[in-house]
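A look at the structure
So the chains spell out like this:
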Amino acid sequence: VFQKWVNREISNFDYLIQLNTMAGRTYNDLAQYPVFPWILRDYTSEELDLNNPAVFRDLSKPIGVVNEKNAKTVKDKYENFEDPLGMIDKFHYGTHYSNAAGVMHYLIRVEPFTTLHIQLQSGRFDCADRQFHSIPATWQALMDNPNDVKELIPEFFYFPEFLENQNGFNLGQLQISKEMVNDVVLPKWAHSPEDFIYKHRKALESEYVSAHLHEWIDLIFGYKQRGPAAVEALNVFYYCTYEGAVDLDALTDEKERKALEGMINNFGQTPCQL
């Protein structure tokens with residue numbers, strides 16, 4: 001697969017899907033859903049210029065520190081973390097870039113995710129301000145908040161329907177602007193959900209992304225996922241998210257095991273290292 005990708009016989013999209021599959025990610029498990037990168041950082045221009053490197057996100061950095069301002073906070077957190085019981089390793093992020101709640105967050109407008117979201121929120125929609133209501137606002141929140149580290153899901157590159165509230169769900173209204181949450185607000189350069197998907201997919205297959213995608217792959221699936229390289233890249237997540245970090249079979253206390261299983265399922269999981 002790698003050779004085919006290098007020879008450009010398969011697209012960036014297909015290569016990412018195959019890597020996700022090899023690393024145990026699947027559409028059938030929200031806790032291990034395929035993970036895709038944010039690839040752009042320009043959500044405000046009238047036109048999207050894919051020949052300009054400045055419109056792309058820096059793929060060599062974890063999403064939490066793409067904004068240089070957050071790097072110091074993230075570093076300090078790691079360096080000052082001390083677990084009195086000595087069980088929990090130091091980490092840069094207490095949240096994860098891919099988890100079940102995040103998948104439901106993005107796909108809230110389409111079933112079965114709507115129902116799953118409502119179940120997660122004890123029978124109602126989460127408050128409107130926390131909903132996925134705008135792509136530019138979601139990106140801005142990532143830039144402002146080092147604790148928000150959600151990457152994307154494959155749907156952002158092929159499935160325009162998830163950006164539309166075709167079922168007319170009442171998702172509430174935003175507190176400040178009093179605006180109702182309905183269809184997802186798109187970047188200015190996208191004239192419709194279909195147009196967004198078309199341009200976003202084109203961006204994924206662009207020359208810039210083809211030349212830099214391996215940097216992101218190293219962080220998520222490769223050598224920068226663990227160990228000293230991960231520390232240096234500011235890419236260490238909470239210990240429970242790593243494969244093999246916890247030996248569930250060794251836990252004799254049923255309650256304790258259930259609690260840990262629940263945590264791993266909800267918290268997010270780092271893909272198997274390839």
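Look up: the structure comes first, before these words.
Structure report, in brief. Throughout this description, residue numbers start from 1 for each chain and increase along the sequence as written. Where local features are concerned, this predicted model is filtered to residues with pLDDT of at least 70; where side-chain atom pairs are given and counted, the filter is 80 or more; whole-chain, interface and lining totals use all residues. Processing note: side-chain calculations cover all non-hydrogen atoms of the structure and skip hydrogens and water entirely.

Comments concerning the overall build of the chain
Each helix and strand in the chain was counted, giving 10 helices and zero strands. Ordered by position from the N terminus, the helices and strands of the chain form the series α-α-α-α-α-α-α-α-α-α. Put simply, the radius of gyration uses C-alpha atoms, and a globule should come to 2.2 Å times the residue count raised to 0.38. Computed over its C-alpha atoms, the radius of gyration of the chain comes to 19 Å, within 12% of the 19 Å expected for a compact globule of 274 residues. In the chain, which comprises 274 residues, the share counted as buried stands at 47%. Whether two residues are in contact is decided by their heavy atoms, any of which lying within 4.5 Å being enough. Residue pairs in contact within the chain that sit at least 24 positions apart in sequence constitute 68% of those at least 6 positions apart. Total accessible area on the chain stands at roughly 13700 Å², and carbon and sulfur atoms take up 52% of it. Numbering of helices and strands runs from the N terminus; a helix is a DSSP stretch of H or I covering at least four residues, while a strand is a stretch of E covering at least two. Only protein chains enter the area calculation, which uses a 1.4 Å probe; residues under 20% of their type maximum are buried, those over 50% are exposed, and those in between are partly exposed. Per-residue and other accessible areas follow the Shrake-Rupley method at a 1.4 Å probe size, with only the shown protein chains counted as cover for residues.

Here's the deal with helix H2 (residues 12-22)
Buried within H2 we find Asn-12, Phe-13, Tyr-15, Leu-16, Leu-19 and Asn-20. Viewed along the axis of H2, the buried residues span an arc of 165 degrees, placing them on a single side of the element. Looking at the buried residues of H2, the elements they touch are helix H1 (2-6), helix H7 (193-204) and helix H8 (207-220). As used here, the arc belongs to the directions running from the helix axis to the C-beta atoms.

Let's talk about empty space enclosed by the protein
Points on a 1 Å grid, built from protein atoms alone, make a cavity when a 1.4 Å probe fits but cannot get out and make a pocket when they are open with protein on both sides within 12 Å along at least 5 of 7 lines; residues with an atom within 4 Å of a point are the lining residues. Grid points are joined across faces, edges and corners, and a volume is the space filled by probe spheres set on the points. Summed over the entire model, instances satisfying the criterion amount to two cavities of 30 Å³ or more. Its volume calculated, the largest cavity comes out at about 70 Å³. Looking at the lining of the largest cavity residue by residue, the classes come out as nine nonpolar, two polar and two charged. Its volume calculated, the second largest cavity comes out at about 60 Å³. Note that Gly is not counted as nonpolar here; it falls among the polar residues with everything else outside the nonpolar set of Ala, Val, Leu, Ile, Met, Phe, Trp, Tyr, Cys and Pro and the charged set of Asp, Glu, Lys and Arg.

Observations concerning the side chain of Asn-235
Summarising the element assignment, Asn-235 is placed in the loop between helix H9 (227-232) and helix H10 (254-267). Judged by its relative accessible area of 2%, Asn-235 falls in the buried class. Polar contacts, as used here, are pairs of N or O atoms within 3.5 Å; protein pairs need one atom able to donate a hydrogen and one able to accept it. Residues neighboring in sequence count only if both atoms are side-chain atoms. Within the local environment of Asn-235, its side chain forms a polar contact with the backbone oxygen of Leu-219, the two atoms lying 3.0 Å apart.

Quick notes on the packing of aromatic side chains
Only Phe, Tyr and Trp rings take part, Trp by its six-membered ring, and two of them pair if their centres are within 6.5 Å. Stacked means planes under 30 degrees apart, edge-to-face means over 60, and tilted covers everything else. According to the stated counting rule, one finds 28 aromatic pairs in the structure shown. Measuring from centroid to centroid gives 6.4 Å for Phe-2 and Trp-5, while their planes differ by 50 degrees, and the two rings are tilted. Separated by three residues within a single helix, Phe-2 and Trp-5 lie in helix H1, roughly one turn from each other. For the pair Tyr-106 and Phe-132, a centre-to-centre distance of 5.2 Å together with 85 degrees between the ring planes defines the contact as edge-to-face. Remark: Phe-132 occurs in the loop between helix H5 (113-120) and helix H6 (135-144) and Tyr-106 occurs in helix H4 (residues 100-106); sequence separation between them is 26 residues. On the basis of relative accessibility, which here comes to 1%, the residue Tyr-106 falls in the buried class. Definition used: whenever NZ (Lys) or CZ (Arg) falls within 6 Å of the ring centre and also within 35 degrees of the ring normal, the charge is taken to sit over that ring. Its guanidinium or amino end placed over the ring of Tyr-78, Lys-90 lies 6.0 Å from that ring's centre, counting from NZ or CZ. One Lys or Arg, Arg-201, reaches over the ring of Phe-13 and ends 4.2 Å from the middle of that ring.

Some points on the side chain of His-105
With respect to the element layout, His-105 can be found in helix H4. Of the polar contacts made by the side chain of His-105, one reaches the backbone oxygen of Arg-130; its length is 3.5 Å. Other than its neighbours up to four places away in sequence, His-105 contacts Arg-130, Gln-131, Phe-132 and Lys-150.

Details of the packing of H2 against H8
Their axes nearest at 11 Å, the elements H2 and H8 cross at an angle of 15 degrees. Relative to H8, H2 is oriented roughly parallel. H8 is crossed by H2, and the crossing has right-handed handedness. Contact with H2, carried on its side by Asn-12, Tyr-15, Leu-16 and Leu-19, involves Val-209, Ser-210, Leu-213, Trp-216 and Ile-217 of H8 and no other residues of that element. For the contact of H2 with H8, the residue count by class is seven nonpolar, two polar and no charged. Between the N-to-C directions of two axes lies an angle of 0 to 180 degrees, each axis being a line fitted to C-alpha atoms and, for a helix, fitted only over the stretch in contact. These descriptions rest on fixed angle ranges, namely under 35 degrees for roughly parallel, over 145 for roughly antiparallel, 65 to 115 for roughly perpendicular, and the rest for oblique. With the far helix as reference, a near helix turned anticlockwise by less than a right angle produces a left-handed crossing, and one turned clockwise produces a right-handed crossing.

Here we look at a nonpolar patch on the surface
Patch rule: a residue counts if its relative accessible area is over 30% and it has no salt bridge; like charges are joined within 9 Å, and nonpolar side chains (Val, Leu, Ile, Met, Phe, Trp, Tyr) within 5 Å. Criterion for a salt bridge: a side-chain nitrogen of Lys or Arg within 4 Å of a carboxyl oxygen of Asp or Glu. On the surface, Val-1, Met-22 and Leu-274 cluster together to form a nonpolar patch covering roughly 280 Å² of accessible area. Within the secondary structure, Val-1 sits in the segment before H1. Given the relative accessible area of 41%, Val-1 is considered partly exposed.

What to know about helix H3 (residues 68-80)
Those residues of H3 that sit buried are Asn-70, Ala-71, Val-74 and Tyr-78. For H3, the arc enclosing every buried residue in end-on projection is 115 degrees, short of the 170-degree limit, so these residues lie on one face. Exposed residues lying more than 90 degrees from the buried face of H3 are Lys-69, Lys-72 and Asn-80.

Everything listed is a geometric property; what it means functionally is a separate question.
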